[in-house]
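Structure assessment
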Amino acid sequence: MDGCVSNIQIVKEYERAVIFRLGRITDRKPKGPGLFFVLPCTDTFVKVDLRTVSFDIPPQEILTRDSVTVSVDGVVYFRIHCPISSVANVSNAHSSTRLLAQTTLRNVLGTKNLAELLSDREGISLSMQGSLDVATDPWGIKVERVEIKDVKLPQQLQRAMAAEAEASREARAKIISAEGEMNASRALKEASLIIAESPSGLQLRYLQTLNTIAAERNSTIIFPVPIDMLQNFMKK
């Protein structure tokens, strides 16, 4: 803000000037972009940047609804859409938005449990954006986007979750193995019934097994002999 200023001032395309004349805002409309005129010694003005501004929310220690302590940080994108409100209604719009973003992050995440926090970041971001946008609207600020950057869990909780996931994987593997054994036993039962109906099929199976063993270049081949033949020799 300037004191006694010259008659001609310039603001850039992304800036606006809020002029105070004897302490009162003139015209209720900001000036710019380009040239504008002010009266020396009676007028003062404040330049307001309309570009989108981003800032990081520092890591916040938050207690979730299911009593788990996590550290969460984020980023907020906002811009000033009403320069007069940002100057007249709040002493420092940028600093106030930063502080409000921290408290809003705590309030919103305090109503979520850990599973929701890890799986529904987009929904939490939208909820935070809506809350911030409503709260900062009287300050002439439009919150464009809020993103959750990182969720840090305690080391002990990470180890417990990893052990739980490993146990769950092992349980699923055992179930799949048991289902495979059951399907294999059913197939073997059906095959035995088919072979029992045709004795020549059993001999063909013997020959197929020998062919498979010979293809592997084994030095020792075990030839299966039907038990019926041995019984004939035993009788003699």
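Going by the structure above, here's the rest.
Rules used in this analysis
- Residues numbered from 1 in each chain as written.
- Predicted model: local features only at pLDDT ≥ 70, side-chain atom pairs only at ≥ 80, totals over all residues.
- Heavy atoms only, no water.
- Helix = DSSP H or I, 4+ residues; strand = E, 2+ residues; numbered from the N terminus.
- Buried < 20%, exposed > 50% of the residue type's maximum accessible area, 1.4 Å probe, protein only.
- Pairing = 2+ DSSP bridges.
- Salt bridge = Lys/Arg side-chain N within 4 Å of Asp/Glu carboxyl O.

**Structural notes on the environment of serine 127**
Structurally, serine 127 can be placed in helix α4 (residues 121-136). The partly exposed category is assigned to serine 127, whose relative accessible area is 33%. Serine 127 sits 22 residues away from leucine 105 along the chain, and the two C-alpha atoms are 9.7 Å apart.

**A word on the sheet that holds strand β5 (residues 43-49)**
Strand order in this open sheet of three strands is β3-β2-β5, and the pairing throughout is antiparallel. Only two strands of the sheet have a single partner each, and these edge strands are β3 (24-25) and β5. As paired elements, strand β2 (residues 15-21) and β3 share two bridges and run antiparallel to each other. Pairing of phenylalanine 20 across the sheet is with isoleucine 25, part of β3.

**So, the pattern of salt bridges**
All told, the structure shown has seven salt bridges when counted by the stated rule. Close ionic contact of lysine 149 with aspartate 56 constitutes a salt bridge, the shortest N to O distance being 3.5 Å. Of the two residues, lysine 149 sits in strand β8 (residues 141-152) while aspartate 56 sits in strand β6 (residues 53-63), which places them 93 residues apart along the sequence. A salt bridge links arginine 79 to glutamate 144, with the shortest nitrogen-to-oxygen separation between them at 2.7 Å. Linking arginine 79 in strand β7 (residues 69-80) with glutamate 144 in strand β8, this pair joins segments that are 65 residues apart in sequence. Relative accessible area serves as the criterion here: at 30%, arginine 79 is assigned to the partly exposed category.

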